Amino acid sequence: MSNNPLAEVFGFPSNSFSESAKRYRKNRLCPYNNKVPNCTKDKASDPLGVCSIYHKHAPVITCPIRFRQDWLIAENAASFFFEEQVNWTSLTEVRIKDAQGQSAGNIDIVLVAYDDRGKVLDFGAVEIQAVYISGNVRQPFSTYMNDPEGWSLVDWSKLAAYYPTPDYLSSSRKRLVPQLLYKGTILREWRKRQVIAVQRIFFETLPELPQVSQQDAEIAWMLYDLEPQEGQLNLTLTGTIYTEYWAALNRISTPQVGKLEDFIEVLQRKLDNKLDSSPDTLMITDLPLL
């Protein structure tokens with residue numbers, strides 16, 4: 001367990017005490033192209049300014065806005081969606097509706113290609129998936145903000161019961177799969193390509209996806225990491241995986257089937273506990289009728 005669970009706070013490494021870092025913490029600012037200058041995570045009036053946490057000594061991105069550093073994700077996605085020399089721009093939080101006019105959710109970023117008159121020619125959708133946290137990150141964050149420069153003296157082990165850790169399973173099943181299912185199905189029927197921006201460590205927790213060529217791909221999984229550089233953690237594209245839509249969704253949403261015998265053993269243990277006796281001495285058929 002790292003001495004400090006917080007990798008980045010308000011855009012700067014938690015062990016950075018430069019004038020810029022102090023300014024961003026004091027004013028609760030976000031350097032990663034949030035919709036407003038301030039961080040608005042969790043609560044706008046009292047934002048939870050944690051961009052990433054440490055897990056096994058590596059920074060794990062927990063805020064989707066963190067992926068907007070220098071708009072690298074838009075530039076990389078545009079190279080998948082459009083030909084070179086195409087005019088394009090980005091639109092954020094665009095509502096998408098089904099045939100009945102019901103909302104299927106907001107697309108994180110839509111890249112729009114347009115002509116010299118400003119007419120839409122094409123578009124592609126970018127979804128960003130940060131990692132959910134299990135445990136309590138507000139408590140260590142508040143402790144840190146009370147004395148940032150004294151963070152190294154805090155006994156974080158006292159917070160072990162609430163220590164924040166990545167919850168990759170919830171991130172995929174409760175967030176990523178529904179996004180792919182609802183918004184993704186509509187986009188696929190429109191024959192529009194999609195980019196899923198995730199951190200590599202999160203992608204590696206998913207089942208192995210069937211890959212296709214870039215030309216045949218409906219989805220580009222763009223894998224990012226935070227790499228140290230000159231006292232900062234910089235968002236870096238470290239790989240791209242190309243897949244078809246349904247092949248990827250089916251693989252992610254379909255669990256690998258375990259052994260029936262293992263489940264029978266679980267049922268047997270629970271039954272034994274409930275009957276307070278093993279089947280060797282008390283068979284179900286021996287129970288008195290009511």
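**A short note on a nonpolar patch on the surface**
A contiguous nonpolar patch, built from L260, F263, I264, V266 and L267 and spanning about 460 Å² of accessible area, is present on the exposed surface. Taking the relative accessible area as the measure of exposure, L260 reaches 60% and is therefore exposed.

**Observations regarding the sheet that holds strand β5 (residues 87-97)**
Pairing in this open sheet of six strands is mixed, and the strands run β5-β6-β7-β10-β11-β12 from one edge to the other. What marks the edges here is a single partner per strand, and that holds for β5 and β12 (232-243). Across the sheet, the axes of successive neighbouring strands diverge by a mean angle of 30°, strand direction being ignored. In this sheet, strand β10 (residues 194-199) lies alongside strand β7 (residues 120-129) in parallel orientation, the contact comprising five bridges. Looking across to β10, one finds that V126 is bridged to V195. Strands in contact with helix α4 (residues 168-189) are β5, β6 (103-114), β7, β10 and β11 (219-229); relative to β7, the strand with the most contacts, it is inclined by about 170°.

**Quick word on the nonpolar core**
Buried together is how nonpolar side chains tend to be arranged in soluble globular proteins. In this structure, L180, F203 and W221 are the most contacted members of the largest nonpolar core, which totals 40 residues. Those residues within four positions of W221 in sequence are excluded, and the remaining contacts are L176, L180, I196, F203, L206, L209, G239, T240, I241, T243, A248 and I252.

What counts, and at which threshold
By convention here, each chain's residues receive numbers from 1 onward along its written sequence. A pLDDT threshold of at least 70 governs which residues receive local features in this predicted model, and a stricter bar of 80 or more applies before side-chain atom pairs are shown or counted, although totals over entire chains, interfaces and linings include all residues. Calculated side-chain values reflect all of the structure's heavy atoms, with hydrogen atoms and water omitted. Within the patch definition used here, like charges are joined within 9 Å and nonpolar side chains (Val, Leu, Ile, Met, Phe, Trp, Tyr) within 5 Å, considering only residues with over 30% relative accessible area and no salt bridge. Per-residue and other accessible areas were derived by the Shrake-Rupley procedure at a 1.4 Å probe size, with only the shown protein chains allowed to occlude residues. When a carboxyl oxygen of Asp or Glu lies within 4 Å of a side-chain nitrogen of Lys or Arg, that pair is called a salt bridge. Summary of the burial criterion: residues with accessible area below 20% of their type's maximum are buried, those above 50% are exposed, and those between are partly exposed, where the area comes from a 1.4 Å probe applied to protein chains only. Think of it this way: DSSP has to see at least two bridges between two strands before they count as a pair. The helix and strand labels rest on DSSP assignments: H or I over at least four residues marks a helix, E over at least two residues marks a strand, and numbering proceeds from the N terminus. All axes here are fitted lines through C-alpha atoms, helices being fitted over the stretch that makes contact, and every angle between N-to-C directions spans 0 to 180 degrees. Residue contacts are counted whenever heavy atoms from the two residues lie within 4.5 Å of one another. Side-chain atoms within 4.5 Å link the members of a nonpolar core, which is a set of buried Ala, Val, Leu, Ile, Met, Phe, Trp, Tyr and Cys residues.

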